[in-house]
Amino acid sequence: MRFRSLLASSVVIPALFLALVPVVASAAPPRIASALDKGPVGWQVYRDLGRMAEMRPGAITRQFSSFDRTGGNNDGFEGTYSCLRTTATGCVIAERTGPGQIDSMWFTRDFGSMVNNGRIKIELDGTVVLDQLLQDVVDGKLGAPFVWPLVGNGADTSGGSVIKVPMPYRESMRVTLQANPRFYHVSYRSFSDAEGVQTFDPSDKALDVIAKFRAYGLHDPKTLAAERLPVMKGSIAPGTSRNVAAASGSGWINQLRVNIPQIVASPRVGDDGRAFAVGGSSTFQVAINPDNQGVRITRRYDPQVGNQRARLVVNGTPVGFWESGPRIPTGQWRDQSILVPASLSAGKSSLTVLNEYLSSDLDVNEFKYDIHSNVFGDWQRTDVVDVGPNHPGDEQAHGYVIKGLNWQGYRVFRYPVDAAEVTRSDALLTGVRVVISFDGKTTVDAPLGEFFGSGLGEYDARSLMSSMDPAPGGWYTAWWPMPYARNATVVLVNESGVALGDVTVETDTAADPSVAPALQSGKIGYFRATKQSGQTVNGKDFTFLETTGRGVFYGVTHSMRGGIPNGNMRAYLEGDERVYVDGAATPVMYGTGTEDFYESGWYFRDGTPYTMPMAGNPAWELNGDGCVNDCTGAYRLMLGDAVAFSANLRFDIQHGPVDDAPATYSSTSYWYGQATPALAESDTVDTTDDANRAAHNYQATGETRGTLQSVFEGKDDKVTVNRALTATTGPITFTAKLATGSVGARILRMNDQANPYQQATVFVDDIQAGTWTQPLGNTSQRWQEDAFDLPENLVSGKTTITIRLVPANPPAWSAARYRILTKIN
């Protein structure tokens, strides 16, 4: 069948990205959840993206960060809250006992330079797995697996530095910086048991994962097998909708592509580049589709330098000339495309490109090369080479070499696009909605632009799970695996007020009979894309998602339209993300700034757009193109550090230092979920209520009672809580009720965190369950709710258990209350 062969060829990752090893991928549909309940562990996080729909009741995602413990904005400027403790090695920034996995690390200081942080030391299960200069790590100097884009430096990310190498551990982890790092996040998962967990092995180079990441936004990162539904072509009048795809049976939507030629790319683009002069050249490798019938290479250049002329040589054969024509004095971008004949490209997965200087008024400049392969008449973008000093990882990955360098720098120019066309395009991107229903339930309802990665306009937005190609005729593509048990429908709703004409929609599906029972049992969840929008409210966080049931939150596309006309127009970026899971009052994630959440820094280095597989800032608009004042478009994906919940989730972000910057926000959150919760509160033990203590056979030695008047961190940090609590140095025992059908349990402790590093060994019915350690401390906002998950094998099927806690002191073990949450199927 032609469609099957077309799809199979269209998702082949070219050899350039494979790093000389085969990609670990199956031709089968995505696999349904294994017996483990943690989600993918180790490199499987990236190798098996078909498992994204799995629920993760056996994992809690948490984050250490340098956030201001007073609730203010001193999130790292002085390093006041950056060290959990200081050792002879340096500043400990993350530390945990029990099994888990470090999933993501982000840092910034000194406008993105890590030089003054010195060395980073990572210890897992008592073994040092990394001890190197942090700057060398994020520069990719260590080699695989610590190479771009699994790592990125301040240039790659416009102000931050990231490490995306997943590092599982069975017993403990510690991350130490030689110097106080100022701003940082360390996101990790804690597991209820160590089943299926193998300690991170740095000798596994994960070349297949690197290849997948380097193809971000260009290829489906999941499976190869799919069938294409009938292609929809046509128009959609204002105020109407159109069914564009329908699938039946049990299976997955694997890919959704939309092409709307009438939408034009946003004209304002910031980009960095280089130029070579007399005798100079540039060379690099690009990835193409082997089934191509020709290739198109498009160069972005600055026409302020007149009469640029260079020869384009592909695999040693001249194919054309780059010619700019006379100088254009105003700051405008220009693109030129050259076709490479199939005689040079067919059957190949990569090409070597050489640009040779011939003549110019000054030099020949280059900023970006887009590579499109013609596959059965479909121009598919198969590579992007973004050159310049802000793209060291991209250049290295493509083997970019320039000779006769005459200039390098950054430009913010515009393409010559009619303003009315931009207005109409923006109206379509915000007013056309993607609506997808599975088994009769609508779970996706999102604006076209935000769903595919950019809500402010058509920008070059590329992530691991979606892409927006702004080239003429470019496609919008999403690769989220979307399960359905009986049927699925895709609808485009046009509420833009603009006629939508000449639309093409392609939907790829994969039959899979295992999906229906997995959805029925709650082992996997339905894909969801949830929009929120509105004016920010002074004193209140903006909420990306607030929901009940069970699920996994994987990321967000966020459109920010600032409301400050002068002064610090970007003050809204001072807001921190704050995430609450399963009813706990204390956030499991508390960030340090909005651009920090999007893994950049310093207001995206004062407005330098960037894209990486897991985060990016593709759009910045300033007093124009539909933006009043200052507007920012960003996205963030969370794969290993996806936030799992079993009862409820609230994912917030501030706007301004203390929710005080006016703005209009809109967002589309990507997540999987089921409406039925998998966690229920089954008991409460009050340590200072004598009747409650007696009912639970509560006993404690070395106990003192007191009262505390303070607040919780996060959204309720203005709500004072005044109640009694205990501090205990000896063993504590009590009985607790579990709900019928228990398959696990969680203890939620309300305590005073004035003293950090409280620790206790936990026993269930006299069997050791692990060590409960909480290194965090806060002397300003002292109330905390901290969680400890009990392994399934210790509580399964029981309705009553006896808990024994043996503190390791000092400090004393603080508790006002224990809430017992039962995990149920």
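Given the structure is predicted, the values throughout are model-derived calculations rather than measurements.

J.: How would you summarise the overall build of the chain if you had to cite specific residues and measurements?
T.: The number of helices and strands found in the chain is 14 helices and 56 strands. Taken over C-alpha atoms, the radius of gyration comes to 27 Å for the chain, in line with the 28 Å a tight globule of 825 residues would show. Dimensions of the chain, computed from C-alpha atoms along their principal axes, come out at roughly 90 × 55 × 50 Å. Residues counted as buried form 63% of the 825 residues belonging to the chain. Within the chain, counting contacts between residues at least 6 apart in sequence, those at least 24 apart form 79% of the total.

J.: An account of the nonpolar core is requested, with residue identities and associated values reported.
T.: One broad rule of soluble globular proteins: the nonpolar side chains tend to lie buried together. Residues Ile120, Ile163, Phe451 and Trp480 are the most contacted members of the largest nonpolar core, which totals 139 residues. Beyond its immediate chain neighbours, meaning those up to four positions away, Ile163 contacts Asp103, Ser104, Met105, Phe107, Ile120, Leu134, Val137, Val138, Phe146, Leu150 and Val151. Phe734, Leu794, Ile803 and Ala815 belong to the second largest nonpolar core, which has 24 residues in total.

J.: I'd like a description of the sheet that holds strand S24 (residues 378-386), backed by residues and values.
T.: With antiparallel pairing, four strands are arranged side by side in an open sheet as S20-S17-S23-S24. Only two strands of the sheet have a single neighbouring strand rather than two, namely strand S20 (334-340) and S24. Within the sheet, the average angular offset between the axes of one strand and its neighbour, ignoring direction, is 20 degrees. As judged from the six bridges shared by strand S17 (residues 295-301) and strand S23 (residues 368-375), these two strands associate in the antiparallel manner. Each residue of the ladder has a partner; that of Val295, found in S23, is Ser373.

J.: Kindly report on the pairing of S17, identifying the contributing residues and their values.
T.: With seven of seven residues buried, S17 lies mostly within the body of the structure. Relative to S20, S17 is paired through seven bridges, and the arrangement is antiparallel. Paired with Arg300 across the two strands is Asp335, which belongs to S20.

J.: Any details on the packing of aromatic side chains? Residues and values, ideally.
T.: Taken as a whole and judged by the stated rule, the model has 35 aromatic pairs. When the ring of Phe451 is compared with that of Phe452, the centres are 5.0 Å apart and the planes differ by 90 degrees; the resulting orientation is edge-to-face. Accessibility expressed as a relative area gives 0% for Phe451, which makes it buried. For Phe452, a relative accessible area of 0% translates into the label buried. Residues Phe597 and Tyr598 carry aromatic rings whose centres are separated by 4.9 Å and whose planes lie at 70 degrees to one another, so their mutual orientation is edge-to-face. The pair Phe597 / Tyr598 is uniform in exposure class, with both members buried. When the ring centre of Phe191 is taken as origin, the NZ or CZ atom of Lys38, which lies over that ring, is 5.9 Å away.

J.: Break down the confidence of the model for the chain for me, with residues and values.
T.: Scored by pLDDT, the chain comes out at a mean of 95, with 96% of its residues at no less than 70. Here residues 1-12 is modelled with pLDDT under 50, and outside its nearest four sequence neighbours on either side it reaches 25 contacts, counting other chains as well.

J.: How would you summarise the pairing of S24 if you had to cite specific residues and measurements?
T.: Counting buried positions over the nine residues of S24 gives eight, a clear majority of the element. Bridge count for S23 against S24 is eight bridges, and the pairing is antiparallel. Residue Ser373 lies in a different strand from S24, and its bridge partner there is Gln380. Where S23 folds back onto S24 in an antiparallel hairpin, the turn is made up of two residues, including Phe376, whose phi is positive at roughly 55 degrees.

J.: Account for the state of the cysteines, with residues named and values stated.
T.: By the definition in use, this model includes two disulfides. Each sulfur of the disulfide joining Cys83 and Cys91 lies 2.1 Å from the other. On the sign convention where negative means left-handed, the S-S torsion of about -120 degrees between Cys83 and Cys91 marks this disulfide as left-handed. With relative accessibility at 27%, the residue Cys83 sits in the partly exposed group. One disulfide bridge connects Cys627 with Cys631, the sulfur atoms lying 2.2 Å from each other. In this structure the cystine formed by Cys627 and Cys631 twists about its S-S bond by roughly 95 degrees; its chirality is therefore right-handed. Of the two residues, Cys627 and Cys631, neither departs from the other in class, the shared state being buried. Here the cysteine-cysteine linkages of the chain are recorded as 1-2, 3-4, numbering only bonded cysteines and doing so in sequence order.

J.: Give a detailed account of the side chain of Ser425, specifying residues and quantitative values.
T.: With respect to the helices, strands and loops of the structure, Ser425 is situated in helix H8 (residues 419-431). The exposure class assigned to Ser425 is buried, which follows from its relative accessible area of 1%. Not counting the four nearest positions on each side in its chain, Ser425 is found in contact with Gln262, Ile263 and Val264.

J.: Residue-level account of the environment of Ser669, with values.
T.: Here Ser669 lies in strand S44 (residues 663-674). Linking Ser669 and Asn617, residues 52 residues apart in sequence, is a C-alpha distance of 16 Å. Once residues lying within four places of it in the same chain are set aside, the contact partners of Ser669 are Arg528, Ala529, Thr530, Phe544, Leu545, Phe553, Gly555 and Val556. A distance of 3.4 Å separates the side chain of Ser669 from the backbone oxygen of Phe544, its partner in a polar contact.

J.: Describe H8, naming the residues involved and giving the relevant values.
T.: Residue pairs three or four apart in sequence face the same way in an α-helix, which turns once every 3.6 residues. Taking 1.5 Å of rise per residue, 13 residues should cover 18 Å, and H8 covers 18 Å from first to last C-alpha, within 8% of that figure. Within H8, the full set of buried residues consists of Val422, Ser425, Asp426, Leu428, Leu429 and Gly431. Between the side-chain oxygen at the start of H8 and the backbone nitrogen of Ala420 there is a gap of 2.9 Å, and the oxygen is on Asp418.

J.: Describe in detail the environment of Ala194, supporting the description with residues and values.
T.: Looking at the element boundaries, Ala194 is found in the loop between strand S11 (183-191) and helix H5 (207-214). Counting along the chain gives 564 residues from Ala194 to Gln758, while the straight-line C-alpha distance between them is 22 Å. The contact partners of Ala194, leaving out residues within four places of it in the chain, are Pro99 and Arg170.

Cut-offs applied
- Counting of residues starts from 1 at the beginning of each chain's written sequence and follows it residue by residue.
- Under the rules for a predicted model, residues below a pLDDT of 70 receive no local features and side-chain atom pairs below 80 are neither given nor counted, while totals for whole chains, interfaces and linings still include all residues.
- Side-chain measures here rest on the full set of heavy atoms in the structure, leaving out hydrogens and waters.
- The numbering of helices and of strands both runs from the N terminus, where a helix is a DSSP run of H or I of at least 4 residues and a strand a run of E of at least 2.
- We compute the radius of gyration over the C-alpha atoms and compare it with the globule rule, which gives 2.2 Å times the number of residues raised to the power 0.38.
- Think of it in three bands: residues with accessible area under 20% of the maximum for their type are buried, residues over 50% are exposed, and the middle band is partly exposed, with areas taken using a 1.4 Å probe on protein chains only.
- Note on contacts: a residue pair is in contact if any heavy atoms of the two residues lie within 4.5 Å.
- For this analysis, a nonpolar core means a set of buried residues of the types Ala, Val, Leu, Ile, Met, Phe, Trp, Tyr and Cys, connected via side-chain atoms within 4.5 Å.
- Paired strands, in this sense, are two strands between which DSSP finds at least two bridges.
- Helix axes are fitted to C-alpha atoms over the stretch in contact, other axes to C-alpha atoms as well, and angles between N-to-C directions run from 0 to 180 degrees.
- Ring geometry is summarised as follows: Phe, Tyr and Trp rings, the Trp one being its six-membered ring, pair when their centres sit within 6.5 Å, and such pairs are stacked at plane angles under 30 degrees, edge-to-face over 60 and tilted between the two.
- For a Lys NZ or an Arg CZ to count as sitting over a ring, it must be within 6 Å of the ring centre and within 35 degrees of the ring normal.
- Each residue carries a pLDDT score, the predictor's own confidence in it, on a scale running from 0 to 100.
- Disulfides are defined as pairs of cysteine sulfur atoms found within 2.5 Å of each other.
- Counting of polar contacts relies on pairs of N or O atoms within 3.5 Å, with two restrictions inside protein: one atom must be capable of donating a hydrogen and the other of accepting it, and residues adjacent in sequence are counted only when both atoms are side-chain atoms.
- One less than the number of residues in a helix, times 1.5 Å, gives the span that helix is expected to have.

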